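What follows is each chain in one-letter form.
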Amino acid sequence: TRVLGDVVFENVDFGYTEGKIVLHDVALYAKPGQKIAFVGSTGAGKTTITNLINRFYPIMDGKIRYDGININKIHKSDLRQSLGIVLQDTHLFTGTVAENIRYGKLDATDEEVIKAAKLANADGFIQHLPEGYNSILTGDGGSLSQGQRQLLAIARAAIANPPVLILDEATSSIDTRTEAIVQQGMDRLMEGRTVFVIAHRLSTVKNSDVIMVLEQGRIIEKGSHNDLIMQKGKYYQLYTG
Ligand code: TTP
Ligand code: MG
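Residues numbered from 1 in each chain as written. Chains lettered and ligands numbered in written order. Predicted model: local features only at pLDDT ≥ 70, side-chain atom pairs only at ≥ 80, totals over all residues. Heavy atoms only, no water.

A. View of the pattern of salt bridges. Scanning the entire structure with this criterion turns up 6 salt bridges. In this structure, Glu10 engages Arg65 in a salt bridge whose closest nitrogen and oxygen atoms are separated by 3.3 Å. Of this pair, Glu10 sits in strand S1 (residues 7-14) while Arg65 sits in strand S4 (residues 61-66), placing them 55 residues apart in sequence. In this structure Glu10 comes out as partly exposed when scored by relative accessible area, which is 26%. The salt bridge involving Lys105 is made with Glu112; its shortest N-O contact spans 2.6 Å. (Salt bridge = Lys/Arg side-chain N within 4 Å of Asp/Glu carboxyl O. Helix = DSSP H or I, 4+ residues; strand = E, 2+ residues; numbered from the N terminus. Buried < 20%, exposed > 50% of the residue type's maximum accessible area, 1.4 Å probe, protein only.)

B. Structural view of helix H1 (residues 46-53). Of all 8 residues in H1, 7 are buried; the element is thus mostly enclosed. Within H1, the full set of buried residues consists of Lys46, Thr48, Ile49, Thr50, Asn51, Leu52 and Ile53. Of the residues trailing H1, Arg55 is marked for its positive phi of about 55°.

C. Molecular detail of the site of ligand 1. Near ligand 1 the following residues occur: Tyr16, Lys20, Val22, Ser41, Thr42, Gly43, Ala44, Gly45, Lys46, Thr47 and Thr48. In the model, an oxygen atom of ligand 1 is placed 2.9 Å from a nitrogen or oxygen of the Thr47 side chain. Within the complex, 60% of the 600 Å² of free accessible area of ligand 1 lies under protein. Here the residues of the shell around ligand 1 sort into 3 nonpolar, 6 polar and 2 charged. (Near = heavy atom within 4 Å. Polar contact = N/O pair within 3.5 Å; in protein donor to acceptor, adjacent residues only side chain to side chain. Areas by Shrake-Rupley, 256 points an atom, 1.4 Å probe, with all protein chains shown as cover. Nonpolar A, V, L, I, M, F, W, Y, C, P; charged D, E, K, R; others polar.)

D. Fine view of the packing of aromatic side chains. On inspection of all chains with the given rule, the structure shows 6 aromatic pairs. On the numbers, 4.9 Å between centres and 80° between planes, the contact of Phe14 with Tyr16 is edge-to-face. Of the residues examined, Phe14 reaches a relative accessible area of 1% and is grouped as buried. Overall, Tyr16 belongs to the partly exposed group, its relative accessible area being 37%. Consider the rings of Tyr235 and Tyr239, whose centres lie 6.0 Å apart with planes at 15°: the pair is stacked. Linking Tyr235 with Tyr239, this pair stays in helix H10 (residues 234-240), spanning 4 residues, or about one helical turn. Given the relative accessible area of 3%, Tyr235 is considered buried. Each member of the aromatic cluster is reached from another via a ring pair, and the members are Phe14, Tyr16 and Tyr57. (Phe/Tyr/Trp six-rings, centres within 6.5 Å; stacked < 30°, edge-to-face > 60°.)

The following block contains the structure:
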């Protein structure tokens, strides 16, 4: 059974090693379909929170629940099916474009592969490759641009159709036209899912339902863009910076 996408953290404490706590008393409530953005300086704990949503590590104190169920009681395969991840650097393997997309759902049909690629805005560039969907990519995807690799990552996440999505936005600059294409694919991917995004683009942050500002492992502010601007705290400083 897949989760619906209701995710809760209650008073979560966590450290990678005994005696060094990196997240303190983190509380978080995401309703199905909500978009939650994490912002904060380097080392604040953004990636660590997404690691815990993935249950990559056991927490030290507190509770994490999916649809009210303790994360530790959810079957590993159910959790894996419920979560999609799009990271800054997509791992592509040596194989065809179709195989690289199908990695998100191994039994997907050709039609599903094309549908996911279209949703991701990847279909256009794929059609222009010499062998289309059968073109062979090398392991590092070296023959593709960074933007094209991102579009394949979006297609790969879309084909799995997960209720919960974790995004780590790229910081590196791609040209404006490509960025708009990637953004449109991302927007379509996020539609109807609970999304946790480590946000670097201001447009993403502004459009999130809840923005969580992290500092040294603590959530120091949370609210909508307008709430936080009115509050004139850390977010306001970052935004007007
Ligand atoms: P992160 O969670 O990696 O901080 P961040 O994602 O906010 O930073 P960045 O913007 O640079 O990506 O780190 C929080 C703390 O945890 C920091 O002290 C480093 C430490 N840490 C580990 O010890 N092991 C790990 O695997 C990770 C990811 C972080
Ligand atoms: Mg990080």
